[in-house]
Amino acid sequence: MKLDIVPFAEAICQKKLGVNHAIVQQHGEVTAAFHFQPTDRRCEIHSATKSVVSLAAGMAIDEGLFTLDTCPADVLSSHLPDSYDPAWHKVTVRNLLTMCSGHSKKLMDGYSLIPGTVNRDDLENKDWVNYTFSQPLDLKPGEKFVYNNSCPHLITRMITQLTGTNVLDWLRPRLFEPMEIHNPQWGTDPLGYTCGPGGLMLSAREFARLTRLFLQQGEWNGKQLVSREYMAQAVSKQVENAPAGKEGSDDSTAGYGFFVWRNYRDNAYYLFGWAGQLGIVLPDYDAAVSLTSYEFQTQALLDAVWDTIVPQLR
């Protein structure tokens, strides 16, 4: 059944929200799409890349490379600085996936307007793993959610350390080729390793396919790319992520899975990248909505989906 996307498009225009493409899928097929831009060229999905890193982590766990309890400091021991916090040997893969590494502040910002903050591409230390291990752990690992770009990068470097293959190339036969994402483009760190925090370039249609993969619990065209067991954990609420006093203020405080954000409404969850890259999954309705955008009013985008699209899915 086709969905009427016009009310959504009208709401976006009325609110002057910078959406480029919107794609709605339900019951395994595209039911509506609206393209505010004439071409669907690949663009960076920014931190929604982290959700792809979560898929890679699930595949690595499925293949026995590591477990949720593996310590990244053990796998990446050759990158440890001469002096480092011994608490690193208590940080686990699970802590990384839930942004509970023990850091009290965000590391390796890609884009920061905070005076004095050095963005990751400008770090003097070009070994981002060594840099991360050199930072103090002010909190107990697992104690508190603190959004941190170093967490997904440690995951990607662990996979490379254990396989000898850059994560982009490692994922080609496991993820990109089965999903017909041809010649994927993904940025690197200064040493040439796949960038964990962001940098993956996808078209709106490719991003919609990845969103649908989450909806289908890791299954694609009859093949289980990531185990259902891992996917169930990845998309469920693993940790509280609301700052003190901000509980219930917007969907960004509804909880966090494994590099996946929860919604307060309809048992939904979403992939999220800077400037409004949203892959919204609604398992109760067997549906997904994906947006590529240049818009910083994230809650307004989510509200527009719930006001105009979700009622038609119910």
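These numbers come from a predicted model, not from an experiment. (Residues numbered from 1 in each chain as written. Predicted model: local features only at pLDDT ≥ 70, side-chain atom pairs only at ≥ 80, totals over all residues. Heavy atoms only, no water.)

With that out of the way, let us pick up the pattern of salt bridges. If you walk through the whole model with that rule in mind, you get 10 salt bridges. Here D189 and R157 are joined by a salt bridge, their closest N and O atoms 3.5 Å apart. Taken together, the positions of D189 in the loop between β4 (185–186) and β5 (200–202) and R157 in helix α6 (residues 150–163) put the pair 32 residues apart, joining distant regions of the chain. No difference in accessibility class separates D189 from R157, as the two residues are buried. Beyond isolated ion pairs, a larger network of salt bridges with shared partners links D251, R265 and D303. (Salt bridge = Lys/Arg side-chain N within 4 Å of Asp/Glu carboxyl O. Helix = DSSP H or I, 4+ residues; strand = E, 2+ residues; numbered from the N terminus. Buried < 20%, exposed > 50% of the residue type's maximum accessible area, 1.4 Å probe, protein only.)

The next thing to look at is the packing of aromatic side chains. As enumerated under the stated definition, the model contains 14 aromatic pairs in all. Ring centres of W88 and F133 lie 4.8 Å apart, and the angle between their planes is 85 degrees; on these two criteria the pair is classed as edge-to-face. One end of the pair, W88, is in the loop between α3 (72–75) and α4 (93–97); the other, F133, is in helix α5 (residues 128–133), and 45 residues separate them in sequence. Ring centres of Y256 and W261 lie 4.9 Å apart, and the angle between their planes is 80 degrees; on these two criteria the pair is classed as edge-to-face. Of the residues examined, W261 reaches a relative accessible area of 10% and is grouped as buried. Three or more aromatic residues joined by ring pairs form one cluster here, namely F145, Y147, Y256, W261, Y270 and F272. (Phe/Tyr/Trp six-rings, centres within 6.5 Å; stacked < 30°, edge-to-face > 60°.)

Let us look at the side chain of T308. Summarising the element assignment, T308 is placed in helix α10 (residues 298–308). A polar contact of 2.7 Å, which involves the side chain of T308, links it to the backbone oxygen of A304. When residues no more than four places from it in sequence are discounted, the contact partners of T308 are P7, F8 and A11. (Polar contact = N/O pair within 3.5 Å; in protein donor to acceptor, adjacent residues only side chain to side chain. Contact = heavy atoms within 4.5 Å.)

Spatial relationships are all this shows, so hold off on functional conclusions.
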